Amino acid sequence: MQGGLEGKSILVTGGGTGIGHACAAALAADGAQVMICGRTEASLEDSAARGRAAAGFGGTVLHRVCDVTDETSVSETIEATAALTSSFDGLVANAGGGGMIAPFHMQEKDEFLRVLQLNVLGTMLCIKHAVPLMRDAGGGSFVGMSSLAGHVTHPLFGAYTAGKAGIEQMMRNAADEFGASKIRFNSVRPGFIATEIMEGIPRDSEVYQSYVQNTPLGDVGSPEDVGHLVRFLIGDQARWITGAAINIDGGQALRRGPDFSSFLRDAVGDEVLAGKKPG
């Protein structure tokens, strides 16, 4: 049997933890030469070592420090990934994240822009520098990491919702622009996934219960669930899928997003949450 990704060079941004690590491990397990990148050397080293231990069919995981909001850093990291096999075949734009939990009238401009830059600008720079190399390779697959928050309301999440929706629209436009070059662009929409960040939500809290109660499958997902979907989209089995946004949320998009109001209610009160000027 073959893994199906032998000889392919693939970059996974934000690959040091959680979903990024799971994506890299799934790709390497089927033979890909994977470069993971992020801003923290220690977590990248650990993730790469665990990825190599799970690799098969000649696959491996290497790492490189990279800030996806820095264009030079992105360009150099993509070039380094291509050098692994003399081609560039795939990119998983997983680096991203949220920020200030507050209603819009309490959002801080600098924090709002930081989150947009991390999610939207970071993904755009990856597209910009990946496309020419994928075209030279005869095609490729690009996966943008969106979220349930990119298409289902998440009150108080500020720039995160706009950033993830922006990623989805970029994937659709890029799929249209570069289809003739056989480059596929798709986005993935995780719901509640048991990552390090989500561990900060107490299991006995109203917020956690709002996730589970609105998920038809009645549980939370794992990073590996997302990794398996991303591996499929990167591979040739998904050759006829482009411009899609695929939910991986236990069905939560059928209902509604989480309720984080309990995190702020005691501090600011219901009237401020409803739009009253604070202070």
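Residues numbered from 1 in each chain as written. Predicted model: local features only at pLDDT ≥ 70, side-chain atom pairs only at ≥ 80, totals over all residues. Heavy atoms only, no water.

Let's talk about the pairing of strand β1 (residues 9–13)
When you tally the buried positions in β1, you get 5 out of 5 residues, the bulk of the element. With burial as the criterion, each face of β1 is covered, one bearing Ser-9, Leu-11 and Thr-13 and the other bearing Ile-10 and Val-12. In this sheet, strand β2 (residues 33–38) lies alongside β1 in parallel orientation, the contact comprising 5 bridges. By the bridge assignment for β2, Leu-11 is matched with Met-35. With helix α1 (residues 18–29) bridging β1 and its parallel neighbour β2, the resulting β-α-β unit is right-handed. Relative to strand β4 (residues 90–93), β1 runs parallel, the two sharing 3 bridges. Bridging from a neighbouring strand, Ile-10 pairs with Gly-90 of β4. (Buried < 20%, exposed > 50% of the residue type's maximum accessible area, 1.4 Å probe, protein only. Helix = DSSP H or I, 4+ residues; strand = E, 2+ residues; numbered from the N terminus. Pairing = 2+ DSSP bridges. Right-handed = clockwise from strand over helix to strand, strands pointing away.)

Observations regarding the sheet that holds β4
If you walk across this open sheet you meet the 7 strands as β3-β2-β1-β4-β5-β6-β7, and the pairing is parallel. At either margin of the open sheet sits one strand with a lone partner, and together these are β3 (60–65) and β7 (245–248). Strand-to-strand, the axes of this sheet are offset by a mean angle of 20°, without reference to chain direction. Bridge count for β4 against strand β5 (residues 140–145) is 4 bridges, and the pairing is parallel. By the bridge assignment, Ala-93 is partnered in β5 with Gly-144. Strands β5, β6 (183–190) and β7 of the sheet are contacted by helix α5 (residues 159–178), whose axis makes an angle of about 160° with β6. (Axes fitted to C-alpha atoms, helices over the stretch in contact; angles between N-to-C directions. Contact = heavy atoms within 4.5 Å.)

Let's talk about the confidence of the model for the chain
Scored by pLDDT, the chain has a mean of 96; 100% of the residues are at 70 or more. Per-element averaging of pLDDT across the chain places helix α8 (residues 261–268) at the bottom with 88 and β4 at the top with 99. (pLDDT = per-residue confidence, 0-100.)

Examining the layout of surface pockets
Within this model, the largest pocket holds a volume of roughly 1,200 Å³. Forming the boundary of the largest pocket are 45 residues, of which Gly-96, Gly-97, Gly-98, Thr-195 and Ile-197 lie nearest the centre. The element contributing the most residues to the lining of the largest pocket is α1, with 3 residues. Each residue belonging to the lining of the largest pocket can be placed in one class, and the counts come to 22 nonpolar, 19 polar and 4 charged. What the second largest pocket holds in volume is close to 420 Å³. Residue lining of the second largest pocket: 19 residues in total, with Gly-140, Lys-182, Ile-183, Arg-184 and Arg-239 positioned closest to the centre. (1 Å grid on protein atoms, 1.4 Å probe; cavity = no way out; pocket = protein on both sides within 12 Å on 5 of 7 lines; lining within 4 Å. Points joined across faces, edges and corners; volume = space filled by probe spheres on them. Nonpolar A, V, L, I, M, F, W, Y, C, P; charged D, E, K, R; others polar.)

Quick notes on unusual backbone geometry
Positioned with a positive phi, Leu-156 is a non-glycine residue whose angle comes to about 80°. Of note, Leu-156 is situated in the loop between β5 and α5. Of note in this structure, Lys-182 is not a glycine but carries a positive phi near 65°. On the secondary structure map, Lys-182 appears in the loop between α5 and β6.

Quick word on the pairing of β3
Strand residues, when the strand is regular, have side chains that alternate between the two faces of the sheet. The pairing of β2 with β3 spans 6 bridges and is parallel. Bridging from a neighbouring strand, Gln-33 pairs with Thr-60 of β3. Handedness of the crossover is the feature at issue here: the chain leaves β2, passes through helix α2 (residues 41–54), returns alongside β3, and the resulting connection is right-handed.

Description of the packing of aromatic side chains
Considering all chains together, one arrives at 8 aromatic pairs under this definition. Ring geometry for Phe-157 against Tyr-160: centres 6.0 Å apart, planes inclined by 55°, an arrangement best described as tilted. Cluster of aromatic residues (ring-pair linked, three or more members): Phe-157, Tyr-160, Phe-192, Tyr-208, Tyr-211, Phe-260 and Phe-263. (Phe/Tyr/Trp six-rings, centres within 6.5 Å; stacked < 30°, edge-to-face > 60°.)

Let's talk about the nonpolar core
Residues Ile-78, Phe-88, Leu-91, Phe-142 and Phe-185 are the most contacted members of the largest nonpolar core, which totals 28 residues. When contributions to this core are tallied by element, the ones reaching two or more residues are β2, α3 (71–82), β4, α4 (109–136), α5 and β6. Of the residues forming this core, the biggest block, 8 residues, is contributed by α4. Once you skip the residues sitting within four places of it in the chain, Leu-91 turns out to touch Ile-10, Leu-11, Thr-13, Ile-78, Cys-126, Ala-130, Met-134, Ser-141, Phe-142, Val-143 and Ile-234. One finds Leu-44, Val-61, Val-143 and Met-145 within the second-largest nonpolar core, a separate group that totals 26 residues. (Core = buried A, V, L, I, M, F, W, Y, C linked by side-chain atoms within 4.5 Å.)

Some words on the environment of Ala-29
Within the secondary structure layout, Ala-29 lies in helix α1. A relative accessible area of 26% places Ala-29 in the partly exposed class. Between the C-alpha atoms of Ala-29 and Val-61, which are 32 residues apart in sequence, the distance is 9.7 Å. Apart from the residues lying within four places of it in its own chain, the contact partners of Ala-29 are Ala-54, Ala-55, Gly-56 and Phe-57.

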